Amino acid sequence: ELKEKPLANSADLQQSMDDYIRETRGIALETLGIHLIPVKASVLSRAIDLRCIRNLTLLNVGNQSPIWTMLSKENKIHPLALRSVFTDNVSTAFLTCMSQLDELHDLFMLERSPKFKPESFAPRTTVTIDQIRRLVLKKHMPTLKRLMIKDESNSSVWDANQKAMILICNRGAQLEELALSMNIHAVVSLVKSLSELG
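Residues numbered from 1 in each chain as written. Predicted model: local features only at pLDDT ≥ 70, side-chain atom pairs only at ≥ 80, totals over all residues. Heavy atoms only, no water.

Student: Before we move on, could you go through the overall build of the chain and cite the residues and values that matter?
Tutor: Looking only at helices and strands, the chain features seven helices and six strands. Overall, the chain shows an N-to-C arrangement of helices and strands of α-β-α-β-α-β-α-β-α-β-α-β-α. For the chain, the residues scored as buried account for 39% of the 198 residues in total. When the accessible area of the chain is evaluated, it comes to approximately 11800 Å², of which 54% is carbon and sulfur surface. (Helix = DSSP H or I, 4+ residues; strand = E, 2+ residues; numbered from the N terminus. Buried < 20%, exposed > 50% of the residue type's maximum accessible area, 1.4 Å probe, protein only. Areas by Shrake-Rupley, 256 points an atom, 1.4 Å probe, with all protein chains shown as cover.)

Below you can see the structure in the form of structure tokens.
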């Protein structure tokens, strides 16, 4: 004789749904920060529901390119909610991922000094300020509120040039905080833009 299965109470039903979502999509986090722990893209994709993350910080976690490539693929399937990013491993894969987002509010890009301790697990960046400008700033300057482009080594590859400063001054209407190094031509552009505002 078949017996009707009793209906689960709402708490049991909610727990079952939470378990199912966690098993199939991972934990739904809005903020994720990982420091000094090497991370693999495959582990992140299984553990976290990537579509929910709004604030992501990855510092000294190894080569991040596979993570940004994975996030780019995920964004094509379902637009990511990511709006705030802090990384110390800027690569072409990272810039490509940022360029695909609908909008960005906070962007912090850091290149550590070779003398920094503990030493970075990731290779040094080969990205230039012009790539950053073309792939990320051109699209996201109108919505960015906080921007940092900082190279702690003695390199001037990330120094804001004239084109970058003109873009920041003309399109950075929402900008509240800015941290970057500038070459002399960029300083002239900034002074000129400020004098025109005054």
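Next, the rest of the story.
Student: Hey, could you go over the environment of phenylalanine 116 for me, with residue numbers and the actual values?
Tutor: Inspection of the secondary structure puts phenylalanine 116 in the loop between strand 4 (106–111) and helix 5 (129–140). Judged by its relative accessible area of 28%, phenylalanine 116 is partly exposed. C-alpha of phenylalanine 116 to C-alpha of glutamate 152: the two residues are 36 residues apart in sequence and 8.9 Å apart in space.

Student: Got a sec to walk through the sheet that holds strand 4? Specific residues and values, please.
Tutor: Read across the open sheet, the six strands follow the order 1-2-3-4-5-6; overall the sheet is parallel. The sheet terminates laterally at strand 1 (31–35) and strand 6 (177–180), the two strands that pair on one side only. Across the sheet, the mean angle from the axis of one strand to that of its neighbour is 5°, orientation sign disregarded. Bridging between strand 3 (residues 84–87) and strand 4 involves four bridges; their strand directions are parallel. Bridge pairing in strand 4 places valine 85 opposite leucine 107. Strands strand 2 (55–59) and strand 3 of the sheet are contacted by helix 3 (residues 65–77), whose axis makes an angle of about 160° with strand 2. Its contacts with the sheet place helix 5 against strand 4 and strand 5 (146–151), and it is angled at close to 160° to strand 5. (Pairing = 2+ DSSP bridges. Axes fitted to C-alpha atoms, helices over the stretch in contact; angles between N-to-C directions. Contact = heavy atoms within 4.5 Å.)

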